[in-house]
Amino acid sequence: MAVISYIQAVTQALKEEMKRDEKVFVLGEDVGKRGGVFRATDGLYDEFGEDRVLDTPLAESAIAGVGIGAAMYGMRPVAEMQFADFIMPAVNQIISEAAKIRYRSNNDWSAPITIRAPYGGGVHGALYHSQSVEAVFANQPGLKIVMPSTPYDVKGLLKASIRDNDPVLFFEHKRAYRLIKGEVPDEDYTLPIGKADVKREGSDITVITYGLCVHFALQAAEKLAEEGIDAHILDLRTVYPLDKEGIIEAASKTGKVLLVTEDNKEGGIISEVSAIISENCLFDLDAPVQRLAGPDIPSMPYAPTMEKHFMMNPDKVEKAMRDLAEF
Amino acid sequence: MAENRHKALGLSDDQVLDMFRTMLLARRIDERMWLLNRAGKIPFVISCQGQEAAQVGASYALDREKDYALPYYRDMGVVLSFGMTAQDLMLSGFAKAEDPNSGGRQMPGHFGQKKNRIVTGSSPVTTQVPHAVGIALAGKMEKKDFVSLVTFGEGSSNQGDFHEGANFAGVHKLPVIFMVENNKYAISVPVSKQLACEKVSDRAIGYGMPGFTVDGNDPLAVYEAVKEAADRGRNGEGPTLIETVSYRLTPHSSDDDDRTYREREEVDEAKKKDSIVTFAQYLRDTGVLTDEKEKEMNDEISEIVNEATDYAENAAYAEAESAMKYVYEE
């Protein structure tokens, strides 16, 4: 097994899927010659040509909408939004169109498009290059939202998203791109969309999170293990629709649950996770469900002081985990 | 005998009669739906009346065995031309389970039928424009020679998706026909408050494509323009913007009252140019439509509409629990 970075897992998944199926193609801003501003599509233009690695005009609604049209025809488009923050002009296409095409046509049409977008902060990206946007889309039946944390999950889930017959939003943490490395098998594999994954077995407290925060929780858990606190960590991987069984099982296991996200606190994914736990796990709980999240301010400011104040980090997670363990 | 314009376009007498029949069928289904609405039998109608010539003229200029149609909510003439039936449309009007557009999930006018390459649509206007571009892009990638026809109103030509889609098609030289059915009103707002330019087709130059404005009451003029656009598309010469100018003869929908914003005289004046009247006259003047044929056609259509209405009225609704189906692939 090779050790690769999070972004290399993206590139490998795209490349292998394009080789496997001629109907798979990539479209977006700067994805062609430049290979993407983060280099996620690096090398694809040279290998597959400009017709399958399409540099589009700078217009996000068209990137989504043209992709949706191609998908309805029978292609497998992978559209890139350069930053998750810039997905907003495409929201009508994603929510009014992609999410509802199968339903509104009574299963006559479908839109198997994958829309990739780098999200998340801690990169001096300020208000419009740092946002987490999953909550915008997480009450739209018809959509699936995948937010992987490791190279292994990225590769297996991106392949699964491309092969899925429904629209998938695939959010990649931009700080994880080169920070996170991990083992990935050489052979072809996919991972199930809609299934959470236990990233650490433990018996004292449960942390449920996703994306880069999974790594913060894992780091904190190693430290707390030295103090005799044994954390169970569940990585949601798919944040919509949620893996209810996985959440209930993980919450019931320890009875003390901390939910972590770097998104704003109110109305986010973890609020829904909390609701699932309160509906199903009341008699298994030994402490109130805790949420650790970004503050309810519009987004992450540019200045390092304010950015750090907003951004999640291992210390914040560790403190919240210790407080919960001591409850 | 009047000048025969259709022969010059390569259209036989039978073909123009068939075009007229489809226009008339659309009109009669539409009129029946209004009656059903006013009788309290169906909740909603949104009309094609006044735009049948543009819709049918454009559709007949295409290869209806392989080209794609992305209609908007008034396009009964387009979907009938592409193979949808009166019964299908009535099933949609009554929101019955057998409705091929949506199984009774969407309001009438939200067309879609994959087997006839009529692409499913929604209510937010103009979202279908980028879809038409995507379908044309897919066709180019797959080395097919079909074109996509996407239609929308003049008000919709102000939406970002029109601009983004038209520009994309222009840059990538895709075989898309953008057809604006300019019926002079976006609900209550007249075209003078929608556009600062004189014609919608003036916008074409911004997307590197030719733009034409034609008489939307003349199916032959529309046929000719769309035929040329389709040829351009198939030859790899890219997209075309066509504006068909006619008039919306009904209120916006069954829930609108157009007396609150336009004068009756204006509507009456427009009715003199109604293509159902003027094209019939052309066909009589050229000796194509005889009294006998006209009666036969009227009787046949009347029977089709009656049968479709009866069938749809008596058809079953979808089971309540079926609302849970097809959110995702099953």
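Computed from a prediction, not measured in an experiment: that's the story for all the values here. Starting afresh in each chain, residues are numbered from 1 along the sequence in its written order. Chains and ligands are labelled by the order in which they are written, letters from A for the one and numbers from 1 for the other. Predicted model: local features are reported for residues with pLDDT of at least 70 only, side-chain atom pairs are reported and counted for 80 or more only, and whole-chain, interface and lining totals are derived from all residues.

Draft legend 1. Here's a closer look at the overall build of chain A. A run of H or I in DSSP counts as a helix once it spans at least four residues, and a run of E counts as a strand once it spans at least two, with each numbered from the N terminus. On a plain count of helices and strands, chain A comes out with 13 helices and 14 strands. For the radius of gyration, the atom set is restricted to C-alpha positions; the globular benchmark scales as 2.2 Å times the number of residues to the power 0.38. Taken over C-alpha atoms, the radius of gyration comes to 19 Å for chain A, in line with the 20 Å a tight globule of 327 residues would show. In terms of overall dimensions, chain A has a C-alpha envelope of 60 × 45 × 40 Å along the principal axes. Partly exposed residues are those whose C-beta has more than 12 but fewer than 20 other C-beta atoms within 10 Å; with 20 or more the residue is buried, with 12 or fewer it is exposed, and the C-beta atoms are placed from the backbone. With 327 residues in all, chain A has 59% of them scored as buried. C-beta atoms are first placed from the backbone for all residues, and any pair lying within 7 Å is then listed as a contact. At a minimum sequence separation of 6, the contacts of chain A that also span at least 24 residues come to 80%.

Draft legend 2. Expanded view of the interface of chain A and chain B. Opposite the 36 residues of chain A that make contact, chain B presents 32 residues. Residue assignment for the side of chain A that touches chain B shows that the elements contributing at least two residues are α3 (60-73), α4 (91-97) and α5 (101-104) of chain A. In the side of chain A that touches chain B, the residues fall into 14 nonpolar, 15 polar and 7 charged. Gly falls in the polar group here, along with every residue not listed as nonpolar (Ala, Val, Leu, Ile, Met, Phe, Trp, Tyr, Cys, Pro) or charged (Asp, Glu, Lys, Arg).

Draft legend 3. Main features of the confidence of the model for chain B. Confidence scores here are pLDDT values: one per residue, from the predictor, ranging 0 to 100. Per-residue confidence for chain B gives a mean pLDDT of 97; residues scoring 70 or more make up 100%. In the predicted complex, the global pTM is 0.98; the interface-specific ipTM is 0.97.

Draft legend 4. Quick look at unusual backbone geometry. All names here are of chain A. The step from Tyr 240 to Pro 241 runs through a cis peptide bond, and the omega angle for that step is -15°. Relative to the helices and strands, Pro 241 resides in the loop between β12 (238-240) and α10 (244-254). Of note in this structure, Asp 30 is not a glycine but carries a positive phi near 70°. Among the structural elements, Asp 30 can be located in the loop between β2 (24-28) and α2 (44-48). Assessed through the 17 C-beta atoms surrounding it within 10 Å, Asp 30 is described here as partly exposed.

Draft legend 5. The sheet that holds strand β1 (residues 68-70) of chain B, seen in detail. Residues and elements named next belong to chain B. Paired strands, in this sense, are two strands between which DSSP finds at least two bridges. Read from one edge of the open sheet, 5 strands run β1-β2-β3-β7-β6, paired in parallel fashion. Of all strands in the sheet, those with a lone pairing partner are β1 and β6 (211-215), marking the two edges. Looking at each pair of strands side by side, their axes are set apart by 20° on average, direction ignored. For helices, the fitted axis covers only the stretch in contact; all axes are lines through C-alpha atoms, and the angles between them, taken along N-to-C directions, range from 0 to 180 degrees. Contacts from helix α8 (residues 219-234) reach β3 (176-182), β6 and β7 (240-245) within the one sheet, and its direction differs from that of β7 by about 170°.

Draft legend 6. Structural context of the UniProt feature "domain: Dehydrogenase E1 component" (unreviewed entry) in chain B. Taking the numbering used here, the UniProt-annotated feature "domain: Dehydrogenase E1 component" (unreviewed entry) corresponds to residues 21-320 of chain B. Secondary structure content for residues 21-320 of chain B is 42% helix and 10% strand, while the C-alpha to C-alpha distance between its ends is 38 Å. UniProt positions are given in the numbering used here, feature names are shortened, and annotations may be inferred rather than shown by experiment.

Draft legend 7. Representation of the nonpolar core in the model. Grouped together as the largest cluster of nonpolar side chains are 195 residues, with contacts concentrated most on A:Ala217, A:Leu258, A:Met321, B:Val133, B:Val176, B:Ile177 and B:Val226. Broken down by element, this core gets its largest block of residues, 10 residues, from helix α2 (residues 13-38) of chain B. Each of domain 1 (2-184) and domain 2 (197-325) of chain A contributes no fewer than three residues to this core. The contacts of B:Val226, once residues within four sequence positions are left out, are B:Gly57, B:Ala58, B:Ala61, B:Leu62, B:Ile177 and B:Ile242. Nonpolar cores are built from buried Ala, Val, Leu, Ile, Met, Phe, Trp, Tyr and Cys residues. These are joined into a set through C-beta atoms within 7 Å. Where each domain begins and ends is defined by an automated method or by a domain database.

Draft legend 8. Expanded view of the packing of α10(A) against helix α11 (residues 269-280) of chain A. Residues and elements named next belong to chain A. For the pair α10 and α11, interaxial distance at closest approach is 10 Å and the crossing angle is 65°. Accordingly, the angle class assigned to the pair α10 and α11 is roughly perpendicular. Crossing of α10 against α11: the hand is right-handed. Contact residues: α10 offers Lys 244, Ile 247, Ile 248 and Ala 251, while α11 offers Val 273, Ile 276, Ile 277 and Asn 280. Split into classes, the residues belonging to the contact of α10 with α11 amount to 6 nonpolar, 1 polar and 1 charged. Here the word oblique covers every angle except those under 35 degrees (roughly parallel), over 145 (roughly antiparallel) and from 65 to 115 (roughly perpendicular). Take the far helix as the reference: if the near one is turned anticlockwise from it by less than a right angle, the crossing is left-handed, and if turned clockwise, right-handed.

Draft legend 9. Here's a closer look at the environment of B:Arg259. Residue and element names in this part refer to chain B. By secondary structure assignment, the location of Arg 259 is in the loop between β7 and α9 (264-271). The class for Arg 259 is exposed, based on 10 C-beta atoms found within 10 Å. Separated by 32 residues in the primary sequence, Arg 259 and Asp 291 place their C-alpha atoms 36 Å from one another.

Draft legend 10. How the structure looks around the sheet that holds β2(A). Residues and elements named next belong to chain A. The strand order across the open sheet formed by 7 strands is β3-β2-β4-β5-β7-β6-β12, and the pairing between neighbours is mixed. This sheet does not close on itself; its edge strands, each paired only once, are β3 (53-55) and β12. Geometrically, the sheet is characterised by an average inter-axis angle of 25° between neighbouring strands, direction not taken into account. Bridge count between β2 and β3: 3 bridges; the pairing is parallel. Bridge assignment links Val 26 to a residue of β3, and that residue is Val 53.

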